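# Coordinate analysis (summary)
Below, each chain spelled out in residue letters.
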Amino acid sequence: MLAGSDEGIPVPDTGAVRTDLAAFARALAGYLATPTGRAVARAASLSSDDPDLAEAWQAFWQSRLDQAGAIVSRAVERGELPTDTDTALALELLCSPLQTRSLLGHRPIEPDLPERLTDMVLDGLRRGAKD
């Protein structure tokens, strides 16, 4: 869910959670395939002993989470996801495999992986709903 700027990864609004999450994941995969995307993701993954830098990264991360969280919030409002859906966890479940594959595995992201991850995340969120 990293981006070098707000324009780096757009937050789609297609009217359906599956297409929104898949589009977001495809955009992230595309971004991670660029030199800038990889550099930003690597920099964000490094720990810092500098409190100001750590605070700046935390603010950046929270800003991106808040923006992308609109996808989940809209889905809850439309009744596509349970009201107790953990927005941060949902986005982390979607984005982390892409980041891991790109940064740690140094492997390309298959074209269908964003959709496969989207389906797995949505299945899990819906199955994990508390009644």
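Residues numbered from 1 in each chain as written. Predicted model: local features only at pLDDT ≥ 70, side-chain atom pairs only at ≥ 80, totals over all residues. Heavy atoms only, no water.

Secondary structure assignment for the protein chain yields 5 helices and 0 strands. Reading the helices (α) and strands (β) of the protein chain from amino to carboxyl end gives α-α-α-α-α. Oriented by its inertia axes, the alpha-carbon framework of the protein chain measures out at about 45 × 35 × 25 Å. By the burial criterion, 35% of the 131 residues in the protein chain qualify as buried. The contacts of the protein chain with a sequence gap of at least 6 include a subset with a gap of at least 24, amounting to 66%. Within the structure as shown, the protein chain displays about 7,200 Å² of accessible surface, and the carbon and sulfur contribution to it stands at 56%. Side-chain charges in the protein chain split into 13 positive and 20 negative, and the spacing between the mean points of these groups amounts to 9 Å. (Helix = DSSP H or I, 4+ residues; strand = E, 2+ residues; numbered from the N terminus. Buried < 20%, exposed > 50% of the residue type's maximum accessible area, 1.4 Å probe, protein only. Contact = heavy atoms within 4.5 Å. Areas by Shrake-Rupley, 256 points an atom, 1.4 Å probe, with all protein chains shown as cover. Lys, Arg positive; Asp, Glu negative; His and termini not counted. Charge placed at Lys NZ, Arg CZ, Asp CG, Glu CD.)

Next up on the list: the nonpolar core. Counting residues in hydrophobic clusters, the biggest one holds 28 residues, and the most contacted among them are Val 17, Leu 21, Phe 24, Leu 81, Leu 94 and Leu 98. Elements that contribute at least two residues to this core include exactly α1 (17-32), α2 (35-45), α3 (51-77), α4 (87-104) and α5 (113-127). Per-element tally for this core: the top contributor is α1, with 8 residues. Ignoring any residue separated from it by four or fewer positions in sequence, one finds Leu 81 in contact with Val 17, Val 72, Ala 75, Val 76, Leu 122, Leu 125 and Arg 126. (Core = buried A, V, L, I, M, F, W, Y, C linked by side-chain atoms within 4.5 Å.)

This paragraph deals with the side chain of Arg 64. Structurally, Arg 64 is set in helix α3. Given a relative accessible area of 1%, Arg 64 falls into the buried group. Polar contacts involving the side chain of Arg 64 include one to the main-chain carbonyl oxygen of Ile 9, which spans 2.7 Å. (Polar contact = N/O pair within 3.5 Å; in protein donor to acceptor, adjacent residues only side chain to side chain.)

Moving on: a negative patch on the surface. Taken together, the side chains of Asp 49, Asp 50, Asp 52 and Glu 55 present a region of like negative charge at the surface. Here Asp 52 shows up in helix α3. Given a relative accessible area of 59%, Asp 52 falls into the exposed group. (Patch = residues over 30% accessible without salt bridge, like charges linked within 9 Å, V, L, I, M, F, W, Y side chains within 5 Å. Salt bridge = Lys/Arg side-chain N within 4 Å of Asp/Glu carboxyl O.)

The next point concerns the pattern of salt bridges. By the definition in use, this model includes 7 salt bridges. Two residues, Asp 119 and Arg 18, come together in a salt bridge whose shortest N-O distance is 2.6 Å. Of the two residues, Asp 119 is situated in helix α5 and Arg 18 in helix α1; the sequence distance between them amounts to 101 residues. Its relative accessible area of 31% is what places Asp 119 among the partly exposed residues. For Arg 74, the salt bridge goes to Asp 20, with nearest N and O atoms at 3.3 Å. Separated by 54 residues along the polypeptide, Arg 74 in helix α3 and Asp 20 in helix α1 bring together distant segments of the chain. Bridged by salt links that share partners, the residues Asp 13, Asp 20 and Arg 74 form one connected network.

Function-wise, these values are silent; they only describe arrangement.
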